[in-house]
There are 2 protein chains.
Amino acid sequence: MNTHVVIMAGGIGSRLWPLSTPEVPKQFIDVLGVGRSLIQLTADRFAPVCAPDHFWVVTGERYAALVREQLPQIPEDQILCEPEGRNTAPCIAYASWKIRKKDPEANIVVTPADALVLKTAEFADTISKALSFTQERDAIVTVGITPSRPETGYGYIHAAEALQGQLVKVSEFKEKPDLDTAISYMEDGHYFWNAGIFVWNVNTIIRELSAYAPQIAAVMDELEPALLTEKETPELRRLFPTCEKISIDYAVMEKSRYIYVIAEDLAWSDLGSWGSLQTHLKADEEGNTVVGGDVRLFDCQNCLVHTASEKTVVVEGLDGYIVAESKDRLLVCRLSEEQHIKEFSA
Amino acid sequence: MNTHVVIMAGGIGSRLWPLSTPEVPKQFIDVLGVGRSLIQLTADRFAPVCAPDHFWVVTGERYAALVREQLPQIPEDQILCEPEGRNTAPCIAYASWKIRKKDPEANIVVTPADALVLKTAEFADTISKALSFTQERDAIVTVGITPSRPETGYGYIHAAEALQGQLVKVSEFKEKPDLDTAISYMEDGHYFWNAGIFVWNVNTIIRELSAYAPQIAAVMDELEPALLTEKETPELRRLFPTCEKISIDYAVMEKSRYIYVIAEDLAWSDLGSWGSLQTHLKADEEGNTVVGGDVRLFDCQNCLVHTASEKTVVVEGLDGYIVAESKDRLLVCRLSEEQHIKEFSA
């Protein structure tokens with residue numbers, strides 16, 4: 001059993017402000033009001049894949065306590081703390097070099113902490129197929145999501161074959177499309193949402209990083225002797241911030257020749273925006289969605305109200321608005337303008 | 001110096017929810033963001049009239065601590081606690097019977113705790129004239145406010161003469177008018193807003209209460225021997241709740257034959273609603289009014305945003321709304337619908 005799960009939990013989720021804040025980002029919040037935070041739901045989802053002592057979390061130093069609190073089943077020394085955020089390539093590199101030192105044959109799934117998957121049985125099956133594939137082959141596998149709508153907010157994976165549930169070669173990765181392009185992707189059938197979930201053997205990803213992100217690989221090679229020793233933290237603090245700030249997509253995915261996709265309809269969402277959150281919450285007859293305690297709506301339609309449970313909230317006369325409140329922050333904003341929330345709250 | 005000031009501070013200000021709540025009603029809140037609560041501003045306004053040891057406050061038992069904290073200059077035994085709210089006639093009766101026992105020649109001003117007066121010098125002058133008048137005559141004096149707009153939210157005093165700054169007889173009291181009537185009142189010149197401020201000799205008001213509110217007067221006569229003794233509180237708790245629940249306006253003003261008004265342009269507001277509060281706050285070029293700390297408005301017009309100072313608030317795309325937040329309560333409501341706030345929050 002060489003399977004390992006790496007949960008990337010360093011983001012700050014600025015598009016879900018004020019629910020998500022730099023102090024407590026969305027992965028640590030029960031955004032759906034179900035009693036589990038997104039990172040807990042993520043860990044739950046991967047529970048069938050391997051034992052908790054094969055789970056790793058990469059997060060910011062300031063969030064380590066939150067991870068320990070929310071995921072007590074994960075060994076403390078497998079909560080890896082980035083001294084600063086350098087995007088996903090250095091994050092994945094650090095986890096990969098470290099896991100290799102402990103388990104040189106490791107077969108790894110990397111996942112964001114803050115996405116939602118509703119079809120969890122299908123998801124476990126998909127991950128299992130991908131892991132079997134990378135156990136035997138020198139391949140990078142991505143998980144594709146069968147699009148349910150012409151979404152312009154996600155990147156797409158162009159698969160060589162329009163097949164679901166099977167490993168197929170990736171033709172190319174596509175940035176967020178405009179609406180016409182997104183519609184053509186849906187009709188075409190070869191395009192899948194990029195869920196940012198990757199499966200690979202540790203030696204494969206280290207080789208690919210060494211080939212396509214040599215600066216980061218060199219930093220990790222310098223860090224390597226300190227890994228799993230008492231020198232790890234000081235060396236990491238010295239070296240990690242020198243890594244190139246780049247996503248794994250740009251650094252490796254768009255360059256590697258060994259990329260496969262396994263696509264499935266998994267009822268997945270990145271929950272990256274209020275709008276995407278709204279689609280996963282139950283709306284009333286007026287199209288209003290409420291997470292919170294004592295929320296009273298009068299003459300409201302198509303609103304998303306998200307507040308702390310102890311709050312009494314009265315909202316009157318709004319159509320198509322977000323009303324979100326969290327501790328010492330409040331947002332009232334048209335859903336149609338939510339792409340600007342990052343600027344509003346900066 | 002027989003002058004006494006009675007501040008009535010028992011209201012709960014439900015129309016200013018969630019700023020004003022039954023726990024901390026608006027008279028105890030710095031609603032204008034000036035650093036003084038409304039009851040403090042009221043005490044300040046009457047400071048030229050008499051010394052602090054001639055001030056009295058009538059409030060609910062639950063608010064006594066707030067009064068002591070906010071008005072430490074007032075003697076503790078002059079903070080009178082109603083066991084329950086019975087409207088203004090029993091409130092005024094209790095204060096009157098009690099003051100008479102201490103000062104049988106008392107000349108009294110009664111005022112609400114939660115109104116605003118901007119022309120404080122003119123106000124002190126008006127009160128002084130009224131007190132001189134009632135010191136020498138057996139009269140009830142009301143303070144009239146020269147209307148600055150055809151307000152339909154206030155009661156009016158119909159004066160026998162269209163004079164300002166002088167004591168004139170009252171012809172009658174008028175309930176809140178419709179807009180056409182309010183416009184005709186303004187054109188007529190004999191009509192003034194009823195500020196709910198009264199000036200009288202203690203013997204005058206006790207005689208009038210005995211004549212027109214005999215049930216209440218009888219209760220007070222029964223209470224009288226206990227006043228200023230250790231039996232006062234238990235007797236008050238036993239007797240006060242038996243008083244008829246009625247306003248001084250209905251009980252006495254509309255019946256008495258000794259009523260005068262002194263009218264003046266005092267820049268007065270009852271601050272009884274969000275709209276009236278808005279007129280006293282500075283608006284920006286877009287018509288937005290903000291009380292609070294870090295409030296950021298985007299594409300907003302004619303809004304009133306009132307939040308705790310430590311709160312970061314982003315409001316986008318609203319025209320003509322109240323956004324008000326206070327501790328564990330939040331309101332988003334069209335200003336045009338504010339008359340329903342009481343129902344929304346009930």
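Summary of the structure given here. (Residues numbered from 1 in each chain as written. Chains lettered and ligands numbered in written order. Predicted model: local features only at pLDDT ≥ 70, side-chain atom pairs only at ≥ 80, totals over all residues. Heavy atoms only, no water.)

We now examine the overall build of chain A. Across its full length, chain A carries eleven helices and 17 strands. Taking 20 Å as the expected radius of gyration for a compact globule of 346 residues, we find that chain A reaches 20 Å, a close match to that expectation. Projected onto its principal axes, the C-alpha coordinates of chain A cover approximately 60 × 50 × 35 Å. For chain A, the proportion of its 346 residues judged to be buried stands at 57%. Carbon together with sulfur atoms contributes 49% to the accessible area of chain A, which is approximately 13,800 Å² in total. Computing the positive centroid from 32 side-chain charges and the negative centroid from 51, chain A places the two 5 Å apart. (Helix = DSSP H or I, 4+ residues; strand = E, 2+ residues; numbered from the N terminus. Rg over C-alpha atoms; globule rule 2.2 N^0.38 Å. Buried < 20%, exposed > 50% of the residue type's maximum accessible area, 1.4 Å probe, protein only. Areas by Shrake-Rupley, 256 points an atom, 1.4 Å probe, with all protein chains shown as cover. Lys, Arg positive; Asp, Glu negative; His and termini not counted. Charge placed at Lys NZ, Arg CZ, Asp CG, Glu CD.)

The next thing to look at is helix α3 (residues 88-102) of chain B. Residues and elements named next belong to chain B. The first and last C-alpha atoms of α3 sit 21 Å apart over 15 residues, in line with the 21 Å expected at 1.5 Å per residue. Within α3, eleven of the 15 residues are buried, leaving the element largely enclosed by the surrounding structure. Listing the buried residues of α3 in full gives Ala 89, Pro 90, Cys 91, Ile 92, Ala 93, Tyr 94, Ala 95, Ser 96, Trp 97, Lys 98 and Ile 99. (Expected span 1.5 Å × (residues − 1).)

As summarised here, the arrangement of the six strands in space is β12(A)-β14(A)-β16(A)-β17(A)-β15(B)-β13(B), forming an open sheet in which the pairing is mixed. Each end of this open sheet is capped by a strand with a single partner; those strands are β12 (289-291) of chain A together with β13 (294-298) of chain B. Across this sheet, the average inter-strand angle for adjacent strands is 5°, counted without regard to direction. Relative to strand β16 (residues 321-326) of chain A, strand β14 (residues 304-306) of chain A runs parallel, the two sharing three bridges. From the neighbouring strand, Val 305 of chain A faces β16 of chain A, where its bridge partner is Val 323 of chain A. (Pairing = 2+ DSSP bridges. Axes fitted to C-alpha atoms, helices over the stretch in contact; angles between N-to-C directions.)

The six strands are arranged β13(A)-β15(A)-β17(B)-β16(B)-β14(B)-β12(B) in an open sheet whose pairing can be described as mixed. At either margin of the open sheet sits one strand with a lone partner, and together these are β13 (294-298) of chain A together with β12 (289-291) of chain B. Direction aside, neighbouring strands of the sheet carry axes that sit 5° apart on average. Relative to strand β14 (residues 304-306) of chain B, β12 of chain B is paired through three bridges, and the arrangement is parallel. Residue pairing for β14 of chain B: Thr 289 of chain B is matched across the bridge by Leu 304 of chain B.

Another point: the side chain of Arg 86 of chain B. As for its placement among the helices and strands, Arg 86 of chain B is situated in the loop between β3 (79-82) and α3. If we ignore the near neighbours within four places in the chain, the residues touching Arg 86 of chain B are Phe 240, Pro 241, Cys 243, Glu 244, Lys 245 and Ile 246 of chain B. (Contact = heavy atoms within 4.5 Å.)

Residues and elements named next belong to chain A. Between helix α3 (residues 88-102) and helix α7 (residues 214-223), the least distance of the axes is 10 Å, while the angle of their chain directions is 35°. Of the two elements, α3 crosses α7, and the hand of that crossing is right-handed. Contacts between α3 and α7 pair Ala 89, Pro 90, Ala 93, Tyr 94 and Trp 97 from the former with Ile 216, Ala 217, Met 220, Asp 221 and Leu 223 from the latter. Of the residues belonging to the contact of α3 with α7, the class tally is nine nonpolar, no polar and one charged. (Left-handed = near helix turned anticlockwise from the far one by under 90°. Nonpolar A, V, L, I, M, F, W, Y, C, P; charged D, E, K, R; others polar.)

All names here are of chain A. Note that the residue after Trp 17, namely Pro 18, is joined by a cis bond; omega there is 5°. Among the structural elements, Pro 18 can be located in the loop between β1 (3-9) and α1 (38-46). Not every positive phi belongs to a glycine, and Asn 87 is a case in point at roughly 70°. Inspection of the secondary structure puts Asn 87 in the loop between β3 (79-82) and α3.

What follows covers the pairing of strand β17 (residues 329-334) of chain A. Summarising burial for β17 of chain A: five of the six residues are buried, a large majority. Pairing of β16 of chain A with β17 of chain A involves six bridges; the strand directions are antiparallel. When the bridges of β17 of chain A are listed, Val 323 of chain A appears paired with Val 332 of chain A. What sits between β16 of chain A and β17 of chain A in their antiparallel hairpin is a turn of two residues, with Lys 327 of chain A showing a positive phi close to 45°. Of the pairings in the sheet, the one linking β17 of chain A to strand β15 (residues 312-316) of chain B comprises four bridges and is parallel in character. Residue pairing in the sheet places Leu 330 of chain A in a bridge with Val 313 of chain B of β15 of chain B.

What is shown is where atoms sit, not what they do.
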